[in-house]
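Residue-level structure breakdown
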Amino acid sequence: MTYARTEPTDQEPDIRARPPLVREFLLVAGLFLAYKFGRQAANGHVEEAFRNAGNVWDLERTLHLPGEGAVQGLLLHSQPLIHAANTYYAAVHFPATALFLVWLYWRRPHHYVRSRRVLAALTGAALVLHLLFPLAPPRMLPAAGLVDTGQAYGPTVYGQTPATDTMANQFAAMPSLHVGWAVMVAVGLIVATRSRWRRLWLLHPALTLLVVVGTANHYWLDAIVVGAMLAVALAVFRLPLSARTAPARQPRPDLRGSVGGAPVPAYAGGGAPGSAAPGAFASAGPSPSFGAAGGSAEPADGADAGSRTPARAGAVR
């Protein structure tokens, strides 16, 4: 007999929920281009960026946040380790986010739409903050006494002269989209997947945080601010329920007592009105349909014996 599962299986995605592919490609490509060129538009505020950097550094000391130098000191003990951190900073940020969106689009369309909206809102808000609050990273701040690990050990995505860098705005440390996107990737995958190991995706934002601080590209406050901004975006664009906590959708019997086109016996709850209840045959005594005194060997609804056999056979799976 067929029994309902207590946990849904990994079913095929509903392709009807997928937005048009060309439109989504243009939207996501526009998101990445806005990120790149929007940062460049904030270039040129050198004096303001260094003044803000001094204020952020002093605020962190007032708040007794751990010094960024403590993390960098751990990385500098090993040249391969610092090289790996620089590579992670340069090579993982964009590809990981792109692969996250592609996988959601293909396997979890409902989750994809909301995750894309959250990322777009977070990126747009971050670009506005880059324009309003230019900030030099700690690797440029003399008071921090930190090493520019990208220039010293490589690889690096930035030019040697920040003020004239045409590839990226080096004065856009606040907030850290490296951390913001990494947290969103982890949250989105945890919500959209069923694996018992899915919380290991949190290692991605944890590693990203250590990398951006250890390479002196961001302050602790950069990560704290982007975390608050992401929380607001997630509250506005609520993600679907977790695949593990979402209740399984049970098939509903039609008016003829069948489930998904298969016949259901009367004692399974799908019979006509007046038939025996689901638990009617649970006792060890004789069947109420075949009594010794005045009992009838015919079914209660008057059907012949030949019609009974297919009904029982159809109920066994």
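The preceding data block contains the structure.
Right, let's walk through the structure included here. Given the structure is predicted, the values throughout are model-derived calculations rather than measurements. (Residues numbered from 1 in each chain as written. Predicted model: local features only at pLDDT ≥ 70, side-chain atom pairs only at ≥ 80, totals over all residues. Heavy atoms only, no water.)

**Describing the environment of Val232**
Note the threshold: Each helix is a run of H or I in the DSSP string that is no shorter than four residues. Each strand is a run of E no shorter than two, and both are numbered from the N terminus.
Tracing the backbone through its elements, the reader meets Val232 in helix H10 (residues 220-236). Val232 sits 114 residues away from Val118 along the chain, and the two C-alpha atoms are 9.3 Å apart.

**Observations regarding the packing of helix H6 (residues 109-132) against H10**
The following threshold applies: Lines are fitted to the C-alpha atoms to define the axes, a helix being fitted only along its stretch in contact, and any angle between axes, read from their N-to-C directions, falls within 0 to 180 degrees. Should an angle lie under 35 degrees it is considered roughly parallel, over 145 roughly antiparallel, and from 65 to 115 roughly perpendicular; all remaining angles are considered oblique. Crossing handedness is read from the near helix: turned anticlockwise from the far helix by less than a right angle, it gives a left-handed crossing, and turned clockwise, a right-handed one. By the convention used here, residues are in contact when the closest approach between their heavy atoms is within 4.5 Å. In the scheme used here, Gly and all other residues not listed as nonpolar or charged are polar, with Ala, Val, Leu, Ile, Met, Phe, Trp, Tyr, Cys and Pro taken as nonpolar and Asp, Glu, Lys and Arg as charged.
For the pair H6 and H10, the least separation of the axes is 9 Å and the interaxial angle reads 135°. The pairing of H6 with H10 is recorded here as oblique in orientation. For the pair H6 and H10, the sense of crossing is right-handed. Of the residues in H10, those touching H6 at Val118, Leu122, Ala125, Ala126 and Leu129 are Val225, Val226, Met229, Leu230, Ala233 and Leu234. The residue inventory of the contact of H6 with H10, partitioned by class, reads 11 nonpolar, no polar and no charged.

**Let's talk about the nonpolar core**
The test is simple: Note on terminology: a nonpolar core comprises buried Ala, Val, Leu, Ile, Met, Phe, Trp, Tyr and Cys residues joined through side-chain atoms within 4.5 Å. Burial classes: relative accessible area under 20% of the type maximum marks a residue as buried, over 50% as exposed, and values in between as partly exposed (1.4 Å probe, protein chains only).
Core analysis: the largest hydrophobic core is formed by 36 residues, its most contacted members being Phe100, Leu101, Tyr112, Leu119, Leu122 and Trp181. Counting only elements with at least two residues in this core, the list comes to helix H1 (21-41), helix H3 (68-75), helix H4 (79-91), helix H5 (93-107), H6, helix H8 (177-192), helix H9 (203-214) and H10. Sort the elements by how many residues they give to this core and H8 lands first, with seven residues. Apart from residues lying up to four places away in sequence, Phe100 is in contact with Ser115, Leu119, Met184, Val185, Gly188 and Leu189. Core analysis: the second largest hydrophobic core is formed by 16 residues, Val56, Met174, Ala216 and Leu221 among them.

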